[in-house]
Amino acid sequence: MRSADLLVFLHPIYWYGAPSLLKEWQMRVLTRGFAYGKDATALVNMDLWQVVSAGGGFEKYDNGGSLGYSIVDLLQPYEAMARKCKMKWHPPKALYSARRVSEDVIDEH
C-alpha cells in the first residue's frame, strides 16, 4: 500500500453505507502514525476513489429523491477520512439499480 498511487474502495452500498468489513479494514490499517498523525506520511497525496453499487435507482439517491441523500452525501465519512490521511479524494462512481442491470451494463460501467 505504501507504494500505491491509488486506493480504490469497490463495494455495494448496504443500508446507506459500506459493508462492515471495509470499516474493520479501516480500523486495523488506518492507524495513527501510519495513516494519520504528526509523523504519518504513508498515504499523503495518494488518490482515493470509491466505486459503489446501489440497489435503488439514481432517482432515489438524487438530492430530491425519496431517500433525501445522494451517494456523495452518504460517502462523506470517506471524504473526511481521506482528508485526515492527507489523501486526494475523488468523487465516487456509482452503479445504480445494480440488481436489475444487464451484465453488459456492468461490464461497461
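Structure: above.
Student: How should the sheet that holds strand 1 (residues 6–12) be read in this particular structure?
Tutor: As a general point, the strands of a sheet are linked pairwise by backbone hydrogen bonds and lie either parallel or antiparallel. One open sheet accounts for 3 strands, arranged 1-2-3; its pairing is parallel. Bordering the open sheet on either side are strand 1 and strand 3 (88–95), each of which pairs with just one other strand. Within the sheet, the average angular offset between the axes of one strand and its neighbour, ignoring direction, is 15°. With 7 bridges joining them, strand 1 and strand 2 (residues 47–53) adopt parallel strand pairing. Counted as the bridge partner of Leu7 is Leu48 from strand 2. Along the sheet, helix 4 (residues 76–84) contacts strand 1, strand 2 and strand 3; its crossing angle with strand 2, the most-contacted strand, is approximately 165°.

Student: How should the side chain of His11 be read in this particular structure?
Tutor: Among the structural elements, His11 can be located in strand 1. On the basis of relative accessibility, which here comes to 7%, the residue His11 falls in the buried class. Beyond its immediate chain neighbours, meaning those up to four positions away, His11 contacts Ala18, Pro19, Leu22, Gln50, Val51, Val52, Ser53 and Leu75.

Student: Any chance you could explain helix 4 here in plain terms?
Tutor: Along an α-helix, a turn takes 3.6 residues, which lines up residues three or four apart on a common side. Here helix 4 has its buried residues at Tyr78, Met81 and Ala82. Down the axis of helix 4, the smallest arc covering the buried residues is 100°, so these residues share one side. Away from the buried face of helix 4 by more than 90 degrees, exposed residues Pro77, Arg83 and Lys84 are located. Buried residues along helix 4 sit in contact with strand 1, helix 1 (20–29), strand 2 and strand 3. Within two residues after helix 4, Lys86 carries a phi angle of roughly 60°, on the positive side.

Student: Hey, could you run me through the packing of aromatic side chains in this one?
Tutor: What describes a pair of aromatic rings is the distance from one ring centre to the other and the angle between the planes of the rings. Evaluated as defined, the whole model comprises 5 aromatic pairs. Between Phe58 and Tyr96, the aromatic rings sit 5.3 Å apart at their centres with planes inclined by 85°, giving edge-to-face as the arrangement. A residue pair is termed long-range when its members are at least 10 positions apart, and Phe58 in helix 2 (residues 58–61) and Tyr96 in the loop between strand 3 and helix 5 (103–108) qualify at 38 residues. The partly exposed category is assigned to Phe58, whose relative accessible area is 48%. Under the relative-accessibility criterion, Tyr96 is labelled partly exposed at 21%. These aromatic residues form a ring-pair network of at least three members: Phe9, Trp25 and Tyr78.

The rules behind the values
Residues numbered from 1 in each chain as written. Predicted model: local features only at pLDDT ≥ 70, side-chain atom pairs only at ≥ 80, totals over all residues. Heavy atoms only, no water. Pairing = 2+ DSSP bridges. Helix = DSSP H or I, 4+ residues; strand = E, 2+ residues; numbered from the N terminus. Axes fitted to C-alpha atoms, helices over the stretch in contact; angles between N-to-C directions. Contact = heavy atoms within 4.5 Å. Buried < 20%, exposed > 50% of the residue type's maximum accessible area, 1.4 Å probe, protein only. Arc of directions from axis to C-beta. Phe/Tyr/Trp six-rings, centres within 6.5 Å; stacked < 30°, edge-to-face > 60°.

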